[in-house]
Amino acid sequence: MKKYAKMIVDRDFRISEIDRRLYGSFIEHLGRAVYTGIYQPGHPEADEEGFRRDVLRLVRELNVPIIRYPGGNFVSTFRWEDSVGPVDRRPHRLDLAWRSLESNEFGLDEFSRWTSKAGADIMMAVNLGTRGVADACHLLEYCNHPSGTLYSDMRAANGRKDPYRIRTWCLGNEMDGPWQFGSKTPEEYGRIACETAKAMKQIDPSIELVSCGSSNSEMPTFPQWEATTLEHDYDYVDYVSLHQYFGNRDGDTENFLAQPVRMDGFIRTVIAACDFVRAKKRGKKDINLSFDEWNVWFHSNADDDDTMANRPWQQAPSLLEDHYTFEDALVVGLMLITLIRHSDRVKIACLAQLVNVIAPIMTEKDGGAWVQTIFYPYFFASRYGRGVALEPVLTSSRHDTSEFSDVNDVESVAVWNEEKEELTIFAVNRDLKDDIVLTTDLASFEGYGLIEHIVLESDDLKAVNSADAQNVAPKAVNRTETDGRCVTSVLHCASFNVIRLGKRHKEA
Ligand code: AHR
């Protein structure tokens, strides 16, 4: 059967205005994300604060709106007070999550200065593993209270008079996971999250809080975890978190490219759980979704297990340094399309992570910074995926894989930037052998013409980038034609496509 893809994009089929935080990311005190990643005093690229300028340039290119910090699993044994004040008085600690040493040389105030330079907001996580309500309140007071109290004055004494006004806060991390230090049952977590949220909102009612959802959709307690915990904290929280990582563990690329179907199902089930609790409570607000960890993650697993089991405790060991292939970039593109399609309920999402650790940006300790294959879909979505997500009425030929049935050969979504009068179609052709023609009916976008068609493609699914070679990089192609109403694009087999259209104004 001939393979095909047809789509209708209409300005009235609005999913939602996309929250800018959909293109967030994540920096954890893990491996070389901070030390020799974003911060490396003495490096030729280091600025006066020790921040690597080469990394900052790349982060700014990505236009990252919000960055989650300081973990991840790290946060569950973290004492935030260790990371502020004079550096020579900050204690060195054992980080149990990653079996590493933490010098606290880089902490909260440094991160805040770094994010200002990166042009991003902070999404802060509190420790609900080994700590609780009081410490979360103290941290919030340090960050957001204007002055005249112990912790707000401590912030001023540490050089920052004005409050940080951090708006988005995570109530712990992956608290259902047995690997988490201080992990909890749903009842235990629901109670502590409720009490912490209540106290935090008393200190600063303007904040938004994220309740921990399941660590992934395969957890045995999913989705009862969401239902139970939200029954406790529904009144005080605004979002529930989702985490998901994919991997091509058995070398079955066709099946790997279908895995984002599972992300779609995960999102739908979490929405159902949130709406169930709302209905049960006769609630007046929706709980939205914060997909605050998502990516491909599997290449480094075996090495990391070895490092953590057999090496001595060390500061900033190389951990989770996945080297991403071209096919990983396709999966990242498919995950981005899935997030945009659910932007009516997914308001925050964080590519995990940003630098060196399962990251689009890598650094050489004694060299420069470079970008991985997955940098590009994230870059284009962040740059052109701002505006209104439009419901794609998409029909595509389909195929089965070892795990999934009826998987679309082509996935796509369109984003309309009303202000700029630009429409961007993101499309992935999952088919490994055939080019497929995507025909898009754009009747309601009269006068829109092609700006450019950019593609990420490679003959080698396993191609990777490195400090020396950009084997996988986007290019502009001549594969889209428009006839006023219809846009016809040839999508190369196994490719990520960005088709940009704009309103043509008649000359006066
Ligand atoms: O992003 C890496 C780790 O993955 C995070 O620390 C944790 O939350 C998740 O399991």
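Everything below is about the structure printed above this text.
Residues numbered from 1 in each chain as written. Predicted model: local features only at pLDDT ≥ 70, side-chain atom pairs only at ≥ 80, totals over all residues. Heavy atoms only, no water.

### Comments concerning the environment of S183
Inspection of the secondary structure assignment puts S183 in the loop between β8 (168–171) and α5 (186–203). What makes S183 partly exposed here is its relative accessible area of 33%. Between the C-alpha atom of S183 and that of R398, which follows or precedes it by 215 residues, the distance is 41 Å. Apart from residues no more than four positions distant in its own chain, S183 is found in contact with M175, G177, P178 and E188. (Helix = DSSP H or I, 4+ residues; strand = E, 2+ residues; numbered from the N terminus. Buried < 20%, exposed > 50% of the residue type's maximum accessible area, 1.4 Å probe, protein only. Contact = heavy atoms within 4.5 Å.)

### Considerations on helix α8 (residues 260–280)
If you check α8, its first and last C-alpha atoms are 30 Å apart, about what 21 residues at 1.5 Å a residue would give, namely 30 Å. Among the residues making up α8, those that are buried are P260, M263, D264, F266, I267, V270, I271, A273, C274 and V277. Buried positions along α8 lie against α6 (224–233), β10 (239–246), α7 (253–258), β11 (288–296), α10 (326–341) and β12 (346–351). Remark: R282 follows α8 within two positions and exhibits a positive phi of approximately 50°. (Expected span 1.5 Å × (residues − 1).)

### Thoughts on helix α1 (residues 53–62)
Buried within α1 are the following residues: D54, V55, L56, L58, V59 and L62. Each element contacted by the buried residues of α1 is listed here: α2 (108–118), β13 (361–363), β14 (369–371) and α11 (375–384). The positive-phi residue at the C-terminal boundary of α1 is N63, with phi of around 55°.

### Overview of the packing of α1 against α11
Contact geometry of α1 with α11 gives a least axis separation of 8 Å together with a crossing angle of 50°. What the angle tells us is that α1 and α11 run oblique. On α11, the residues touching L58, E61 and L62 of α1 are F375, Y378, F379 and S382. (Axes fitted to C-alpha atoms, helices over the stretch in contact; angles between N-to-C directions. Parallel < 35°, antiparallel > 145°, perpendicular 65-115°, else oblique.)

### Describing the sheet that holds strand β25 (residues 486–491)
Read from one edge of the open sheet, 5 strands run β16-β1-β21-β25-β24, paired in mixed fashion. Lying at the two open borders of the sheet, with one neighbouring strand each, are β16 (393–396) and β24 (480–482). Looking at each pair of strands side by side, their axes are set apart by 15° on average, direction ignored. Relative to β25, strand β21 (residues 436–441) runs antiparallel, the two sharing 6 bridges. Following the sheet pairing, T440 is matched in β25 by V487. (Pairing = 2+ DSSP bridges.)

### What about the pairing of strand β26 (residues 495–503)?
For β26, the buried fraction is high: 8 of the 9 residues fall into the buried class. Of the strand pairs in this sheet, strand β20 (residues 422–429) and β26 are connected by 8 bridges, and their pairing is antiparallel. Paired with N429 across the two strands is S495, which belongs to β26. Two elements, strand β22 (residues 448–457) and β26, share 9 bridges in a ladder whose sense is antiparallel. The residue of β26 that forms the bridge with L456 is F496.

### Describing the site of the ligand
Near the ligand, the surroundings consist of 13 residues, among which E28, N73, E174, Y245 and E293 are the closest. Residue N173 places a side-chain N or O atom 3.0 Å away from an oxygen atom belonging to the ligand. E174 has a polar side-chain atom sitting 2.7 Å from an oxygen atom of the ligand. Starting from 280 Å² of accessible surface for the ligand in isolation, the protein chains cover 95%. The residue inventory of the shell around the ligand, partitioned by class, reads 6 nonpolar, 4 polar and 3 charged. (Near = heavy atom within 4 Å. Polar contact = N/O pair within 3.5 Å; in protein donor to acceptor, adjacent residues only side chain to side chain. Areas by Shrake-Rupley, 256 points an atom, 1.4 Å probe, with all protein chains shown as cover. Nonpolar A, V, L, I, M, F, W, Y, C, P; charged D, E, K, R; others polar.)

### Describing the pattern of salt bridges
Inspection of the entire model under this criterion finds 38 salt bridges. Salt-bridge contacts for R20 lead to D121; the nearest nitrogen and oxygen are separated by 3.4 Å. Here R20 is found in the loop between β2 (14–17) and β3 (24–26), whereas its partner D121 is found in strand β7 (residues 121–126), with 101 residues between them in sequence. On the accessibility criterion, D121 (39% relative accessible area) is partly exposed. For R131, the salt bridge identified is with E81, shortest N-O distance 2.8 Å. In this pair, R131 sits in the loop between β7 and α3 (133–144) while E81 sits in the loop between β4 (66–69) and β5 (93–95), placing the two residues 50 residues apart along the sequence. (Salt bridge = Lys/Arg side-chain N within 4 Å of Asp/Glu carboxyl O.)

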